[in-house]
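Observations on the three-dimensional arrangement
The chain contents come next:
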Amino acid sequence: MNTTPFTCDECGLQCRTHEATGGTQRCPHCHARIERRKPGSAQRTAALLIAAGILYIPANLLPIFEVQLLGRTSNDTILEGVAQLIASGMWMIGAVVFIASIAVPLLKILGIGTLLLASRFKPDSTRLGRARLFRVVEAIGPWSMIDIFVVSLMVSLVRFGTLATFAPGPGAVCFACVVILTMLAVRGFDPRTIWDPVEEKV
Amino acid sequence: MVKIDHSVVRCTSCDGWQQLPPVPPSHRARCYRCRALLQRSKHPSLDVPLALSLAALIALAIANGTPFLSLEYAGIRQSNFLVTGAMALWQDDHFFLSLLVAFTGILAPATQISLVCYLLLSIRRGRLPWKFGRTLRLVTALGPWSMAGVYLIGVFVASAKLGQFAALVEGTGFYAFVAMVLLWTASSATLDPRALGRRPELNAGGAP
Ligand SMILES: [Zn+2]
Ligand SMILES: [Zn+2]
């Protein structure tokens, strides 16, 4: 029987597959489904990406914080929060929040969008560049969570009854959804499709 | 029984088959065409990542059990534990945000660290850990959702924002949390989870 040794994508252990038999085969070590491709990868990634792109708009337009300070109520969007930090002279921290909350999600959406489109038309000369773009997008993913953690810390720390309270705004939920959806989209994208036309064996 | 040639590997990022030469210590092997990390040096000692992971686990326990941050405003002192962030959101009926913060900030890192400690301890004793493959798969799947380091940056941003009108005091838990993030980062940098199944300590040689 024709057997090919390979490493399981999930647990990294060596497996053998019997190429003659079809059907679902599972890794003997971790029981992950052994498939050369994530099924329906492109469509699912595109759907997640469109949802993330739509939610990105309310995430930035709706207030992420609702602050009550000495009877005054103010609602801040992400960008207003950044502007306040810069206005009070903390431009470094303002830059961190801007990059993590506004630039990173946008970069993820545009990056995966580019990869999906490019995998369709397959310009061969950009393969290595696209593989690198995927790794960048994969690595920056979690960093957009910063603002959600800031919200949770502010809500738990600023609890002074009528003096000062802090609550997450509707923008926070939209923003959290953008983070989750973009991370799922990155996970759903199959970087092997970048290399598809090449049939090489070394 | 077909003899598996361990030196022939398939890159998990691009499907490219390639011959993998032995990787010298403190070197990394990258895929010949997509440059993805294939393997770190073959069999470095497990003691370093194990010690770092155990230390991270202890630091995490301290971070959870001692006061994290406290804020003083208008004479009132508001003390805070690591879980208080998620709990306050829950009390205010923001269940989705609360679960997300609890999972990514505490639960996922804690699960990851504990499981890696368990795997390394078993392998060091020469035993194939119970449910090895599935445990390893859980550890790698949790990877992107384990955001302790991002949480730490969040603390810095929050203290910058709050510093304008109130005094923020870091507690023991905060320093333990910083230590945990550093130790866990160092441990992950010295550990190649995909190579664990081929450790010489396991005479099974990767077979279940
Ligand atoms: Zn497996
Ligand atoms: Zn590759």
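Up top is the structure these notes are about.
Report follows, based on the coordinates. (Residues numbered from 1 in each chain as written. Chains lettered and ligands numbered in written order. Predicted model: local features only at pLDDT ≥ 70, side-chain atom pairs only at ≥ 80, totals over all residues. Heavy atoms only, no water.)

All names here are of chain B. Looking at the zinc ion (ligand 2), the protein donor atoms are Cys 11 (SG), Cys 14 (SG), Cys 31 (SG) and Cys 34 (SG), and they sit 2.2 to 2.4 Å from it. Bound by four donor atoms, the zinc ion (ligand 2) shows angles of 106 to 115° at the metal and therefore tetrahedral coordination geometry. If you list the donors of the zinc ion (ligand 2) from N- to C-terminus, the spacing comes out as C-x2-C-x16-C-x2-C. (Donors = N, O, S within 2.8 Å, 3.2 Å for Na, K, Ca; no water. Tetrahedral: all angles 85-135°; square planar, octahedral: opposite > 155°, others 65-115°.)

Another point: helix 4 (residues 132-142) of chain B. The set of residues buried in helix 4 of chain B consists of Phe 132, Gly 133, Thr 135, Leu 136, Val 139 and Leu 142 of chain B. Among the structural elements, helix 3 (95-124) of chain B are those in contact with the buried residues of helix 4 of chain B. (Buried < 20%, exposed > 50% of the residue type's maximum accessible area, 1.4 Å probe, protein only. Helix = DSSP H or I, 4+ residues; strand = E, 2+ residues; numbered from the N terminus. Contact = heavy atoms within 4.5 Å.)

Our focus in this paragraph is the pattern of salt bridges. As enumerated under the stated definition, the model contains two salt bridges over all chains in all. Asp 190 of chain A is the partner of Arg 192 of chain A in a salt bridge, and the nearest nitrogen-oxygen pair spans 3.0 Å. A salt bridge links Asp 47 of chain B to Arg 124 of chain B; its shortest N-O distance comes to 2.5 Å. Within this pair, whereas Asp 47 of chain B is found in helix 1 (residues 47-65), its partner Arg 124 of chain B is found in helix 3, the two being separated by 77 residues in sequence. A relative accessible area of 48% places Arg 124 of chain B in the partly exposed class. (Salt bridge = Lys/Arg side-chain N within 4 Å of Asp/Glu carboxyl O.)

Together, Arg 132 of chain A together with Arg 28, Arg 30 and Arg 35 of chain B make up a region of like positive charge exposed at the surface. In this fold, Arg 132 of chain A is placed in helix 4 (residues 127-140). (Patch = residues over 30% accessible without salt bridge, like charges linked within 9 Å, V, L, I, M, F, W, Y side chains within 5 Å. Areas by Shrake-Rupley, 256 points an atom, 1.4 Å probe, with all protein chains shown as cover. Lys, Arg positive; Asp, Glu negative; His and termini not counted. Charge placed at Lys NZ, Arg CZ, Asp CG, Glu CD.)

Looking now at the packing of helix 1 of chain B against helix 6 (residues 172-189) of chain B. Residues and elements named next belong to chain B. At a minimum axis distance of 8 Å, the contact between helix 1 and helix 6 shows a crossing angle of 160°. Here helix 1 lies roughly antiparallel to helix 6, going by the angle between them. The handedness of the crossing between helix 1 and helix 6 comes out as left-handed. Here Pro 49, Leu 52, Ser 53, Ala 55, Ala 56, Ala 59, Leu 60, Ile 62 and Ala 63 of helix 1 come into contact with helix 6, specifically with Thr 172, Gly 173, Ala 176, Phe 177, Ala 179, Met 180, Leu 183, Trp 184, Ala 186 and Ser 187. Tallied by class, residues from the contact of helix 1 with helix 6 come to 15 nonpolar, four polar and no charged. (Axes fitted to C-alpha atoms, helices over the stretch in contact; angles between N-to-C directions. Parallel < 35°, antiparallel > 145°, perpendicular 65-115°, else oblique. Left-handed = near helix turned anticlockwise from the far one by under 90°. Nonpolar A, V, L, I, M, F, W, Y, C, P; charged D, E, K, R; others polar.)

Counting residues at the interface gives 68 residues for chain A, matched by 68 residues for chain B. Summed over the shared surface of chain A and chain B, the result is zero salt bridges. The interface formed by chain A and chain B includes three residue pairs in polar contact (both at pLDDT 80 or more). When residues in the side of chain A that touches chain B are grouped by element, the largest group, 10 residues, is from helix 5 (residues 146-157) of chain A. (Polar contact = N/O pair within 3.5 Å; in protein donor to acceptor, adjacent residues only side chain to side chain.)

We now examine the sheet that holds strand 6 (residues 76-80) of chain B. Residues and elements named next belong to chain B. Spatially, three strands are ordered 6-5-7 in an open sheet, and the strand pairing comes out antiparallel. Looking at the sheet topology across the chains shown, the edges are occupied by strand 6 and strand 7 (167-170). Here the average twist between neighbouring strands, direction ignored, is 20°. With four bridges connecting them, strand 5 (residues 69-73) and strand 7 associate as antiparallel partners. When the sheet's bridge partners are listed, Glu 72 is paired in strand 7 with Ala 167. (Pairing = 2+ DSSP bridges.)

Our focus in this paragraph is the packing of aromatic side chains. Here a ring pair, both rings aromatic, is described through the centre-centre distance and the interplanar angle of the planes. Overall, the coordinates contain 10 aromatic pairs over all chains when judged by the stated rule. Taken together, a centroid distance of 5.1 Å and an interplanar angle of 70° make the contact between Phe 65 of chain A and Phe 166 of chain A edge-to-face. Of this pair, Phe 65 of chain A sits in strand 3 (residues 65-69) while Phe 166 of chain A is found in strand 6 (residues 164-168), placing the two residues 101 residues apart along the sequence. Note on Phe 65 of chain A: relative accessible area 3%, which makes it buried. Three or more aromatic residues link up through ring pairs in this structure, and these residues are Phe 149 of chain A together with Phe 68, Tyr 151, Phe 156, Phe 174, Tyr 175 and Phe 177 of chain B. (Phe/Tyr/Trp six-rings, centres within 6.5 Å; stacked < 30°, edge-to-face > 60°.)

None of the figures reported here should be taken as evidence of function without further support.
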